[in-house]
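Given next are the chains, with one letter for each unit.
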Amino acid sequence: MNESDRKNIADILLVSISVSTGWKLPNEPLLSVLQSEFLTKLEEDFLSLTPAEIKYAFRNASHIKNWGADFNLNLLDQVLGAFLEKRAEVRKTYASLPMAPDDETELTEDQKREYDQKCYEFWKLECTNGVNMRYIPSTLFDLILRVDGVTPKEKKAYSCLMKACHSLIYETDQELKATDGEAKPGEYNRLRKLLTALKSEDIDEWQYLPEVQRLAKAMWCIDYFNWKMLEDLKKGK
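Values in this document were obtained by computation on a predicted structure and should not be read as measured data.

Basis of the calculations
Residues numbered from 1 in each chain as written. Predicted model: local features only at pLDDT ≥ 70, side-chain atom pairs only at ≥ 80, totals over all residues. Heavy atoms only, no water. Helix = DSSP H or I, 4+ residues; strand = E, 2+ residues; numbered from the N terminus. Buried < 20%, exposed > 50% of the residue type's maximum accessible area, 1.4 Å probe, protein only. Core = buried A, V, L, I, M, F, W, Y, C linked by side-chain atoms within 4.5 Å. Expected span 1.5 Å × (residues − 1). Arc of directions from axis to C-beta. Polar contact = N/O pair within 3.5 Å; in protein donor to acceptor, adjacent residues only side chain to side chain. Axes fitted to C-alpha atoms, helices over the stretch in contact; angles between N-to-C directions. Parallel < 35°, antiparallel > 145°, perpendicular 65-115°, else oblique. Left-handed = near helix turned anticlockwise from the far one by under 90°. Contact = heavy atoms within 4.5 Å. Nonpolar A, V, L, I, M, F, W, Y, C, P; charged D, E, K, R; others polar. 1 Å grid on protein atoms, 1.4 Å probe; cavity = no way out; pocket = protein on both sides within 12 Å on 5 of 7 lines; lining within 4 Å. Points joined across faces, edges and corners; volume = space filled by probe spheres on them. Salt bridge = Lys/Arg side-chain N within 4 Å of Asp/Glu carboxyl O.

Visitor: Requested: an account of the overall build of the chain, with residues and values cited.
Guide: Each helix and strand in the chain was counted, giving 10 helices and 0 strands. The secondary structure elements of the chain, listed N-terminal to C-terminal, are α-α-α-α-α-α-α-α-α-α. Residue burial in the chain is summarised as follows: out of 237 residues, 37% are buried.

Visitor: If you had to explain the nonpolar core to someone new, which residues and values would you point to?
Guide: In summary, soluble globular proteins display a tendency toward joint burial of nonpolar side chains. Grouped together as the largest cluster of nonpolar side chains are 37 residues, with contacts concentrated most on Ile 136, Leu 140, Ile 144, Leu 198 and Val 212. Of all the secondary-structure elements, those providing two or more residues to this core are helix H5 (109-128), helix H6 (139-148), helix H7 (154-177), helix H8 (185-198) and helix H10 (210-234). Looking at this core, the element that brings in the most residues is H10, giving 10 residues. One finds Ile 9, Leu 13, Ile 17 and Leu 31 within the second-largest nonpolar core, a separate group that totals 25 residues.

Visitor: Break down helix H2 (residues 30-45) for me, citing the residues and quoting the values.
Guide: Over its 16 residues, H2 extends 22 Å from the first C-alpha to the last, a length consistent with the 22 Å expected when each residue adds 1.5 Å. Residues of H2 that are buried include every one of Leu 31, Leu 34, Gln 35, Phe 38, Leu 39, Lys 41 and Leu 42, and no others. Summarising the axial view, the buried residues of H2 lie within an arc of 160°, below the 170-degree limit, and thus occupy one face.

Visitor: Which residues make up the environment of Asp 110, and what values do they have?
Guide: With respect to the element layout, Asp 110 can be found in helix H5. Relative accessible area serves as the criterion here: at 54%, Asp 110 is assigned to the exposed category. Among the polar contacts made by the side chain of Asp 110, one reaches the side chain of Arg 113 at a distance of 2.3 Å.

Visitor: Now, about unusual backbone geometry: what can you tell me, with residues and values included?
Guide: For the peptide bond that leads from Glu 28 to Pro 29, omega is 5°, which places it in the cis range. If you trace the backbone, Pro 29 turns up in the loop between helix H1 (3-21) and H2.

Visitor: How would you summarise the packing of H7 against H8 if you had to cite specific residues and measurements?
Guide: Running from N to C, H7 and H8 point in directions that differ by 150°, and their axes come no closer than 9 Å. As the angle between them shows, H7 and H8 are arranged roughly antiparallel. The two elements H7 and H8 cross, and the hand of that crossing is left-handed. Facing H7, whose interface residues are Cys 165, Leu 168, Ile 169, Thr 172, Asp 173, Glu 175 and Leu 176, H8 presents Tyr 188, Leu 191, Arg 192, Leu 194, Leu 195 and Leu 198. Among the residues forming the contact of H7 with H8, the class breakdown is 9 nonpolar, 1 polar and 3 charged.

Visitor: Describe the layout of surface pockets, naming the residues involved and giving the relevant values.
Guide: For the largest pocket, the calculated volume is near 670 Å³. Taken together, the residues that form the lining of the largest pocket break down as 14 nonpolar, 5 polar and 12 charged.

Visitor: I'd love a proper account of the pattern of salt bridges, names of residues and values included.
Guide: Counted by the stated rule, this structure contains 12 salt bridges. Close ionic contact of Asp 45 with Lys 41 constitutes a salt bridge, the shortest N to O distance being 2.8 Å. Of this pair, Asp 45 and Lys 41 both sit in helix H2, separated by 4 residues, roughly a single helical turn. We classify Asp 45 as partly exposed; its relative accessible area is 39%. When its relative accessible area of 15% is taken as the criterion, Lys 41 is described as buried. Bridged by salt links that share partners, the residues Lys 41, Asp 45 and Asp 77 form one connected network.

Visitor: With reference to specific residues and values, describe H5.
Guide: Here H5 is 20 residues long and its end C-alpha atoms lie 28 Å apart, about the 28 Å a rise of 1.5 Å per residue gives. Turning to H5, its buried residues are Asp 116, Cys 119, Tyr 120, Phe 122, Trp 123, Lys 124, Glu 126 and Cys 127. Phi for Gly 130, located one or two positions after H5, is positive at around 85°.

Printed below as a string of structure tokens:
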């Protein structure tokens, strides 16, 4: 990614963060200074974070109380620093995820159920502890249905599909604006085609897109485990 691309992405992130938090951006010439310092800060301290992760961090930073303040880099540290720590904890726990057997055909039904249960408990803990939904494997949805024998309610499934679609429309639109169509025509056309499908009024045009299905299932899994945790608390478990 060249310097111009990095600057464009940083400028888009700056506006996105301001919209999410209410942090006020200064007028020129201070805005240009902030844009430059913001890009430098990202490259020096948060280079490991993707634009999607940065936006996710600010959408879910409920621990920050001074929304609506003037934008400054100290506020940036509070949010992204906490997100990095959380992400490191989540990735560290992946080591405790049970390894998949080399040949599942050699397992007995009891062994398969035991493996499923271990994976289930692992992801239940991750989902109720605020894991980034982008880390959730698409197979978790089927695992929950298999272990708990539940059937997703149509209304809830539709709600997750709609939320996933709206989230992807915003993210894809931002990525499209930050992509140089001349330098990267393939990526630009892919994003434009995806955005057109996501904005279609015909649900069949977008509900079966892999991007929508994966995100919607991740949203459903998080909501399901949070609901189950509340139910267990009510029962005193």
